[in-house]
Amino acid sequence: MKMEWVYMCIATLLACYIFVNKIVKNLNGWYYTLKLRNKDYPLPPGHMGWPLIGNLFTFIQDFSSGQPDSFITNLILKYGRNGIYKTHLLGNPSIIICEPEMCRRVLLDDVNFNLGYPKSIKKLARCRPMVDVSNEERKHFRRVIIAPIVGHKELAIYIERLEDIVVNSLEELSSMKHPIEFLKEMKKVSFKAIVHVFMGCSNENIIKNIGSSLNDLYKGMFSIPINAPGFTFHKALKARKKIGKIVQSVVDERRLRIKNGEQVGEKKDLMDILLEVKDENGRKLEDEDISDLLLGLLFAGHESTATGLMWSVTYLTQHPHILKKAKEEQEEILRTRPTSLKRLSLNEVKQMVYLSHVINEMLRCANIAFSTFREAICDVNINGYLIPKGWKVLIWARAIHMSDEYYPNPQEFNPSRWDNYTPKAGTFLPFGAGSRRCPGGDLAKLEISIFLHYFLLNYRLERINPECPITNLPVSKPIDNCLAKVVKVSHA
Ligand code: HEM
């Protein structure tokens, strides 16, 4: 009798296991296969995961445990090097693309693909003139907002102010008695820089007030979009509102100054341009649009650049021979500088060839934006596979950046791989591609170059937990935010 019970239990457990693994786990996949059975092309290989949640848990586990590449590696092991896979992620049926040519096809195709960011990001980074308008009008606004940051002449104007921000913050950081969270400090640097570039103001109050709210806004990026007290998304929406009000007060002040005929700066900044610009129908922008555009730039440019600054310094510190070579280049720039010059010039930044390779290698290894999101406007056939209308398309650039097919020994941080090397189209996508390619890439690189110039010449980083684990959600960073001391190097 006793043995019968044991057999019964084993049989029940086995039945449950088979039911869950062979039936429940495949329900999602069967549902979509059935729904799309009459289409001309098959879905790409892959797995749709569990009903409702799809592959979310595996994704979170891989990305937060510091093994982000195992998500794709497992797909490749199971389904082959196809470069295109189906999945269900962040609440949506999705297609992951991680092959250069297909990535480019999607990113360059504004007719068949729209932006497809998760609901939480869409709401938090809401920006009508860059999203909810025709492609033509969007391109018009894009040209307007990028005018102050594209081209050498435009960027050269900011060097002096960026230098001041960098020099002061490094001085302040090295005077701290206690270790600091280096990433948080880099956010202050990149934030001051971006406020200066776009709003032409260095008002400490604005910088202080917006700074902490931006952190709350970021935390809500990949949160569950539930707007109820206690939820991260709710806090993020409140932060957005607060930042909107602060930005609006800056807009109001600028309007008043213009009305009173006061000159704000030597040159028009983005705020002046936005107050003047008209849409296709000759209408000026609403205040809400201006504030959304400015907020969008803060959102897009602040955390990404700060993360880039942190990883550049961290990688250099972890590789003393690379740091030495990068430092020698900066010393050479000082040695050859005419005595009449006291500050950095754009020409000198252009001479920093090795440093630019360090930055490229940082962008390749750190993979600051984990994916670029699109949504299919209609059914699209790509390489014989179907991307169904309404499905998300995730351009998984990190899989390309970390593939030995394009970058031999991809885990190695090796700036010299960029010596005389121009990446093939689609194999280096830190700033995306196509009509939505990041317009702030050159500004971000300039900021990082100026920071590294002063850091390499005068400081070093002493991390408190150099082996600290890394998380990749929502962006890649050590979980202690790079706790460290910035130490001034004495020039004996
Ligand atoms: C290391 C720093 C940065 C990285 C890695 C980065 C990455 C990216 C990527 C991958 C995209 C493309 C998104 C897509 O196609 O959906 C993008 C778009 C964008 N970035 Fe950046 N970015 C950086 C810095 C900046 C800065 C400093 C600014 C502001 C000045 C900025 C402003 C923007 C804007 C406005 C867009 C949207 C463009 C559009 O939709 O037309 N970014 N960025």
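The name given to the protein in an unreviewed UniProt entry is Beta-amyrin 11-oxidase-like, and the organism recorded there is Cicer arietinum. Recorded in UniProt under Cofactor (unreviewed entry), the annotation for the protein is "heme". The UniProt entry for the protein carries the following comment under Subcellular location (unreviewed entry): "Membrane".

(A) Molecular detail of the site of the ligand. Every one of the 24 residues lining the ligand counts as a neighbour, but Tyr117, Arg142, Arg374, Arg436 and Cys438 are closest to it. Take Tyr117: an N or O atom from its side chain is 2.6 Å from an oxygen atom of the ligand. Contact between the ligand and Arg142: an oxygen atom at 2.7 Å from a side-chain N or O atom of the residue. Counting residues per element, the shell around the ligand draws most heavily on helix H14 (residues 287-318), which supplies five residues. Across the shell around the ligand, the residue classes break down as 14 nonpolar, seven polar and three charged.

(B) Summary view of the pattern of salt bridges. On inspection of all chains with the given rule, the structure shows 25 salt bridges. Arg126 is the partner of Asp292 in a salt bridge, and the nearest nitrogen-oxygen pair spans 3.7 Å. Here the residue Asp292 occupies a position in helix H14, and Arg126 occupies one in the loop between helix H5 (119-124) and helix H6 (128-131), the gap between them amounting to 166 residues. Look at Asp292 and you get buried, because its relative accessible area is 5%. Judged by relative accessible area, which is 36%, Arg126 ranks as partly exposed. With a shortest N-O distance of 3.5 Å, Asp292 and Arg240 are connected by a salt bridge. You can see Asp292 sitting in helix H14 and its partner Arg240 sitting in helix H12 (residues 232-259), a full 52 residues away along the chain. Take Asp292 and Arg240: they sit in the same class, and that class is buried. What emerges from the salt-bridge pattern is a single network uniting Arg126, Arg240, Glu288 and Asp292.

(C) Representation of the environment of Leu89 in the model. With respect to the helices and strands, the residue Leu89 is situated in strand S1 (residues 84-89). Separated by 79 residues in sequence, Leu89 and Asn168 have C-alpha atoms that sit 43 Å apart. The residues touching Leu89, leaving out its near neighbours within four places in the chain, are Asn55, Leu56, Phe59, Phe71, Ser94, Leu394 and Trp396.

(D) Focus on the coordination of the iron atom of the ligand. Protein coordination of the iron atom of the ligand is limited to a single donor, Cys438 (SG), positioned at 2.3 Å. Tracing the chain through its elements places Cys438 in the loop between helix H18 (397-401) and helix H19 (441-458).

(E) Focus on unusual backbone geometry. Of note, Leu52 is a non-glycine position whose phi angle comes to about 70 degrees, a positive value. Its relative accessible area of 77% is what places Leu52 among the exposed residues. Backbone geometry at Asn420 places phi at a positive 50 degrees, although glycine is not the residue there. Take Asn420: it is sitting in the loop between H18 and H19. Classification of Asn420 by relative accessible area gives exposed; the value is 85%.

(F) Region of interest: the packing of aromatic side chains. Using the criterion set out here, one finds 19 aromatic pairs in the structure. For the ring pair Phe59 and Phe63, a centre distance of 4.6 Å and an interplane angle of 35 degrees mean the geometry is tilted. Here Phe59 pairs with Phe63, and both are found in helix H2 (residues 56-64), just four residues apart, close to one helical turn. You'll find Phe59 and Phe63 in the same group, each marked buried. For the pair Trp418 and Tyr421, a centre-to-centre distance of 5.8 Å together with 65 degrees between the ring planes defines the contact as edge-to-face. Look at Trp418 and you get buried, because its relative accessible area is 3%. An aromatic cluster is built from Phe59, Phe63, Phe71, Tyr117, Phe370, Phe373 and Trp396, whose rings are joined through pairwise contacts. Above the plane of the ring of Tyr407 lies Arg364, whose end atom (NZ or CZ) is 5.1 Å from the centre.

What counts, and at which threshold
- Residues numbered from 1 in each chain as written.
- Predicted model: local features only at pLDDT ≥ 70, side-chain atom pairs only at ≥ 80, totals over all residues.
- Heavy atoms only, no water.
- UniProt positions renumbered as here; feature names shortened; annotations may be inferred.
- Near = heavy atom within 4 Å.
- Polar contact = N/O pair within 3.5 Å; in protein donor to acceptor, adjacent residues only side chain to side chain.
- Helix = DSSP H or I, 4+ residues; strand = E, 2+ residues; numbered from the N terminus.
- Nonpolar A, V, L, I, M, F, W, Y, C, P; charged D, E, K, R; others polar.
- Salt bridge = Lys/Arg side-chain N within 4 Å of Asp/Glu carboxyl O.
- Buried < 20%, exposed > 50% of the residue type's maximum accessible area, 1.4 Å probe, protein only.
- Contact = heavy atoms within 4.5 Å.
- Donors = N, O, S within 2.8 Å, 3.2 Å for Na, K, Ca; no water.
- Phe/Tyr/Trp six-rings, centres within 6.5 Å; stacked < 30°, edge-to-face > 60°.
- Lys NZ or Arg CZ within 6 Å of the ring centre and 35° of its normal.

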